[in-house]
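Remarks on the overall topology
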Amino acid sequence: MANVVIQINKSGADYDRRVMRNIMNLKNQLGDDLVQCEVVVFGEGMDLLQTQDEMIKEQIDALVESGIEFIACSNTLSKHNVTQEELVCSVGSAGSGVAHLVTRQTEGWAYLAL
């Protein structure tokens, strides 16, 4: 049984496709053993949640439907004047994405920086 928190703070079309493939592979491989999974998005990574790429949007939707939660850094949203409603999926929020990652690690969650 695993709880996993994933850091996304980079951008680029190739990076976005690679990250989505990795998250989908994680979910497919661990299946029901993946108890909770949060994808914490901040900095340049926020581009992922604002993508215009239909394939990426569909992958995000599929991951959300499978129980993976996307967490947006409120600091990044504020800095870029972006609201949660402007993102491609429903997201949770954390005041600081970095602080959220640290909190999850102290709670024993596995940490991935993709």
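Computed from a prediction, not measured in an experiment: that's the story for all the values here.

A count of helical and extended segments in the protein gives 4 helices and 5 strands. If you list the helices and strands of the protein from N to C, you get β-α-β-α-β-α-β-α-β. Scaling as 2.2 N^0.38, a compact globule of 114 residues should have a C-alpha radius of gyration of about 13 Å, and the protein matches this with 13 Å. When its C-alpha atoms are laid out on the principal axes, the protein stretches across 40 × 30 × 20 Å. Evaluated residue by residue, the protein yields a buried proportion of 40% over its 114 residues. Across the protein, the fraction of contacts at a sequence separation of at least 24, relative to all contacts at a separation of at least 6, is 71%. For the protein, the exposed area adds up to about 6100 Å²; of that, 45% sits on carbon and sulfur atoms. Placing the 8 positive and 16 negative side-chain charges of the protein at their respective mean positions leaves the two points 7 Å apart.

Moving on to the pattern of salt bridges. Under the defined criterion, the tally for this structure stands at 5 salt bridges. Note that E38 and R104 form a salt bridge whose closest N and O atoms lie 2.7 Å from each other. Of the two residues, E38 sits in strand β2 (residues 34-41) while R104 sits in helix α4 (residues 97-106), which places them 66 residues apart along the sequence. When salt bridges that share partners are traced, they join D14, R17 and D53 into one network.

As a further point, take the packing of helix α1 (residues 13-30) against helix α2 (residues 54-65). Where α1 meets α2, the closest approach of the two axes is 11 Å, and the angle between their N-to-C directions is 25°. As summarised for this structure, α1 and α2 are arranged roughly parallel, according to the angle between their axes. Here the hand of the crossing between α1 and α2 comes out left-handed. Taking contact as the criterion, the partners of D16, R17, M20, I23 and M24 in α1 are, on α2, M55, I56, Q59, I60 and L63. Considered class by class, the residues forming the contact of α1 with α2 number 7 nonpolar, 1 polar and 2 charged.

With that out of the way, let us pick up the nonpolar core. In terms of nonpolar packing, the biggest core is built from 26 residues, with I6, I8, V39, L49, I60, F70 and L87 touching the most fellow members. Going through the elements one at a time, β1 (2-8), α1, β2, α2 and β3 (69-73) are the ones with two or more residues in this core. Considering every element that reaches this core, the biggest residue donor is α1, with 5 residues. When sequence neighbours within four positions are dropped, the list of residues in contact with V39 reads I6, I8, I23, I68, E69, F70 and I71. With 8 residues, the next largest nonpolar core counts V5, I71, A94 and L101 among its residues.

In this section: the confidence of the model for the protein. Across the protein, the average pLDDT comes to 94, with 100% of residues at 70 or higher. Element-level mean pLDDT values for the protein span from 89 in strand β4 (residues 92-94) up to 97 in α4.

Calculation notes
Residues numbered from 1 in each chain as written. Predicted model: local features only at pLDDT ≥ 70, side-chain atom pairs only at ≥ 80, totals over all residues. Heavy atoms only, no water. Helix = DSSP H or I, 4+ residues; strand = E, 2+ residues; numbered from the N terminus. Rg over C-alpha atoms; globule rule 2.2 N^0.38 Å. Buried < 20%, exposed > 50% of the residue type's maximum accessible area, 1.4 Å probe, protein only. Contact = heavy atoms within 4.5 Å. Areas by Shrake-Rupley, 256 points an atom, 1.4 Å probe, with all protein chains shown as cover. Lys, Arg positive; Asp, Glu negative; His and termini not counted. Charge placed at Lys NZ, Arg CZ, Asp CG, Glu CD. Salt bridge = Lys/Arg side-chain N within 4 Å of Asp/Glu carboxyl O. Axes fitted to C-alpha atoms, helices over the stretch in contact; angles between N-to-C directions. Parallel < 35°, antiparallel > 145°, perpendicular 65-115°, else oblique. Left-handed = near helix turned anticlockwise from the far one by under 90°. Nonpolar A, V, L, I, M, F, W, Y, C, P; charged D, E, K, R; others polar. Core = buried A, V, L, I, M, F, W, Y, C linked by side-chain atoms within 4.5 Å. pLDDT = per-residue confidence, 0-100.

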